[in-house]
Amino acid sequence: MVFGLGRKAKNEEPAQPADELTIAEAGEGEPGTAARRQDGPFDESEISSRDGFVDLGALLITPSEGLQLRLEVEEATQRVVAVTLDLNGSSLQLQAFAAPKTETLWDEIREQIGQSVGAQGGQVEEIEGAFGTELVAKLPAGLPDGSQGYRVARFIGVDGPRWFLRGVLGGPAALERPAAEPLEALFRQVVVVRGDSPMPPRDLLQLRLPKDASATPPPAAPTLEEPERGPEITQIG
């Protein structure tokens, strides 16, 4: 498994032609708290040991053959704001946030994402998937030949005990369920380490590079803003 550090930058991958975009049929059902505890993603209190995980501070990631991890660094502050999992030509960006004890964040965040996308001339569609209600966002983008296409991202979110975990699928995984399955499986195995310190809702949980890992700069990585700032979907491939 390879580690890398990326900075916030627009993804330069070509957009997809508009007439080639089709969202595969999503799964049914919206798992509740009991299903999350059984199937994941998990809270630190729900595992017996950290052995076997890649420890990124707020997130524990299960290693997988061919998986590459990129920690996204905010240029102004030099803090790590996200981790992106690259696998089989697709990507899954992960961010974990503090959440209230008695409230969930995902419904409100989906609404904010929709407003942000709409303001940029894009479209959003809510679908039902393996993690409940998901959001597919499409933004207009020009193709190299001058024709019109779209950039697509699929947002998934899970509310946990005092935390919220958001995933953003890019590449073929944003459009095709079979391509998304390996990354969805990794999303289920994520463990969130919330910690006991009081934090305002929506504050990012701190990520860090593992102590025994060496970072090699990869190409510029796609990133999103924190939910309260409104995600910039143009930065997703």
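- Per an unreviewed UniProt entry, the chain goes by DUF3710 domain-containing protein and derives from Pseudarthrobacter defluvii.

1. Comments concerning the pattern of salt bridges
Line of reasoning, step 1. If you walk through the whole model with that rule in mind, you get 15 salt bridges.
Line of reasoning, step 2. A salt bridge links R37 to E46; the shortest N-O distance between them is 3.8 Å.
Line of reasoning, step 3. Relative accessible area serves as the criterion here: at 28%, E46 is assigned to the partly exposed category.
Line of reasoning, step 4. Two residues, E184 and R154, come together in a salt bridge whose shortest N-O distance is 3.0 Å. In this pair, E184 is assigned in helix α3 (residues 177-188) and R154 in strand β11 (residues 148-160), connecting sequence segments 30 residues apart.
Line of reasoning, step 5. Since its relative accessible area comes to 11%, E184 is described here as buried.
Line of reasoning, step 6. The network of salt bridges with common partners includes E44, R50, D55 and R208.

2. Quick word on helix α2 (residues 106-119)
Line of reasoning, step 1. Between the first and last C-alpha of α2 there are 20 Å, a value that for 14 residues agrees with the 20 Å anticipated at 1.5 Å per step.
Line of reasoning, step 2. All of the buried residues along α2 are W106, I109, R110, I113, G114, S116 and V117. Each buried residue of α2 lies within a common arc of 165° when the element is viewed along its axis, so the set occupies one face. Residues E111, Q115 and A119 are exposed on α2 and point more than 90 degrees away from its buried face.
Line of reasoning, step 3. The inward-facing, buried residues of α2 abut β9 (123-129), β10 (132-142), β11 and β12 (163-170).
Line of reasoning, step 4. Taken from the residues just after α2, G121 is the one with a positive phi, measuring 80°.

Conventions we followed
- Residues numbered from 1 in each chain as written.
- Predicted model: local features only at pLDDT ≥ 70, side-chain atom pairs only at ≥ 80, totals over all residues.
- Heavy atoms only, no water.
- Salt bridge = Lys/Arg side-chain N within 4 Å of Asp/Glu carboxyl O.
- Buried < 20%, exposed > 50% of the residue type's maximum accessible area, 1.4 Å probe, protein only.
- Helix = DSSP H or I, 4+ residues; strand = E, 2+ residues; numbered from the N terminus.
- Expected span 1.5 Å × (residues − 1).
- Arc of directions from axis to C-beta.
- Contact = heavy atoms within 4.5 Å.

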